Amino acid sequence: MSPIILVPLVILIFSLLVIVHESGHFLTAKLAGIKVEQFSVGFGPQLVGWQRGETLYAVRAIPLGGFVKLAGMDGSMDAGPRSFNAHPLWQRFMVIVAGSAFNLALPVLIFFGVYSTIGAAEVKTPIEVSAVDTGTPAYNAGLQPGDVIRAVNSHPINKFEDLPTALDAAKNTPVTVVVERDSRLVTLTITPRLDPNTGGYILGFHPAARTWKPGPIEAAGLAVRQTGDSIAGIAGGIYQLATDKSLGGLLGPRGLEGPVGIVKTTARAAQAGILSVVGVVALLSLSLGLANILPFPALDGGRAAFLVLELIRGRPVDPAREQVVHYVGLALLFALIGLVTYNDVLR
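Rules used in this analysis
- Residues numbered from 1 in each chain as written.
- Predicted model: local features only at pLDDT ≥ 70, side-chain atom pairs only at ≥ 80, totals over all residues.
- Heavy atoms only, no water.
- Core = buried A, V, L, I, M, F, W, Y, C linked by side-chain atoms within 4.5 Å.
- Buried < 20%, exposed > 50% of the residue type's maximum accessible area, 1.4 Å probe, protein only.
- Helix = DSSP H or I, 4+ residues; strand = E, 2+ residues; numbered from the N terminus.
- Contact = heavy atoms within 4.5 Å.
- Phe/Tyr/Trp six-rings, centres within 6.5 Å; stacked < 30°, edge-to-face > 60°.

**Describing the nonpolar core**
Reasoning step 1: Formed by 24 residues in total, the largest nonpolar core has its most connected members in Ile13, Leu17, Tyr115 and Leu284.
Reasoning step 2: Only helix H1 (3–32), helix H2 (89–117), helix H5 (216–243), helix H6 (259–272) and helix H7 (274–292) provide two or more residues apiece to this core.
Reasoning step 3: Looking at this core element by element, the count peaks at 6 residues for H1.
Reasoning step 4: Excluding residues that lie within four positions of it along the chain, Ile13 makes contacts with Thr266, Val277, Val281 and Leu284.
Reasoning step 5: Of all hydrophobic cores here, the second largest spans 21 residues; its members include Ala166, Val179, Leu188 and Phe205.

Below is the structure:
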């Protein structure tokens, strides 16, 4: 894809996710009666800004984030009764976590929209081979359309998730695949291949799927389930990176992605079609929501942790000291982003 199209597309996606996230803080703060001084998309020098009521809305030069500035959140004591720290702890907590909550809710809305308009699809179980890609391990081993996958290395394959689990466990060593073909069992020996796009091991075939158009209630249930499965997949992938030394760790060749990696992923999705781009937006929104809720200084989760500490102690942490902690956390975050981006370039 041409950079002339790709770069604006990535900026648009980043900005959308930032607006969704910051809208969570903004709306809950407004509902709680907290004064919102600024709603900004991006960091750095202000490009465009307009004042509406008490709030300045701004677009800034570096499209890698954004912020909502709440009165008194910097620890100032003269912000008045509408300041952040003048409100009850539970209201402050809701304002802090609302950004991540909005990011986690966005994929539910996206999936609901897809299921309601385009329909739903799921892999048939047991897994039936629909097509085999030429030149792949499956093709070379003689796997055929119509074959039904029954077992891999003696492990029964009852649902689609069982197959990648078995292949990832074997990695690039040969596996014994038992398929049902014309009412008889056939045993094949196939060596899985690493898919650089997904980071998992594959055989090289397309499973048969059933498609249908769900009603609104079913679509909502499917959207919630898909979001939950995606969250579990993200958490499981991070755990695997952290515990499986063969993968190189969180900062290894298959580790965390920064802005450059996200651009690459978006480019691949754009080539596959609009639905793939929508899927990337949903996953990025989930990743942003989950990352922001981690109890790390400068993140929403870090600020929420200070509120929990306030609840336990019965009094707030000194605002000046808390700000120092967040500044240090912010510096560490920028260093991590730089390191991840460097790894992206090396890849």
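**What about the packing of aromatic side chains?**
Reasoning step 1: Summed over all chains, the structure comprises 5 aromatic pairs.
Reasoning step 2: Ring centres of Phe43 and Phe67 lie 6.4 Å apart, and the angle between their planes is 10°; this geometry places the pair in the stacked category. One end of the pair, Phe43, is in strand E1 (residues 36–52); the other, Phe67, is in strand E2 (residues 55–70), with 24 residues separating them in the sequence.
Reasoning step 3: Residue classification places Phe67 among the partly exposed residues on the basis of a relative accessible area of 26%.
Reasoning step 4: When the centroid spacing of 6.2 Å and the interplanar angle of 20° are considered together, the rings of Trp50 and Tyr57 count as stacked.
Reasoning step 5: Residue class for Trp50 comes out partly exposed when judged on its relative accessible area of 45%.
Reasoning step 6: Overall, the relative accessible area of 19% leaves Tyr57 in the buried class.

**Some words on unusual backbone geometry**
Reasoning step 1: The omega angle of the peptide bond from Thr125 to Pro126 is -5°, so this bond is cis rather than trans.
Reasoning step 2: Notably, Lys171 is not glycine yet its phi reads approximately 60°, a positive angle.
Reasoning step 3: Among the secondary structure elements, Lys171 is positioned in the loop between helix H4 (162–170) and strand E7 (175–181).
Reasoning step 4: Residue Lys171 is classed as partly exposed on the basis of its relative accessible area of 25%.

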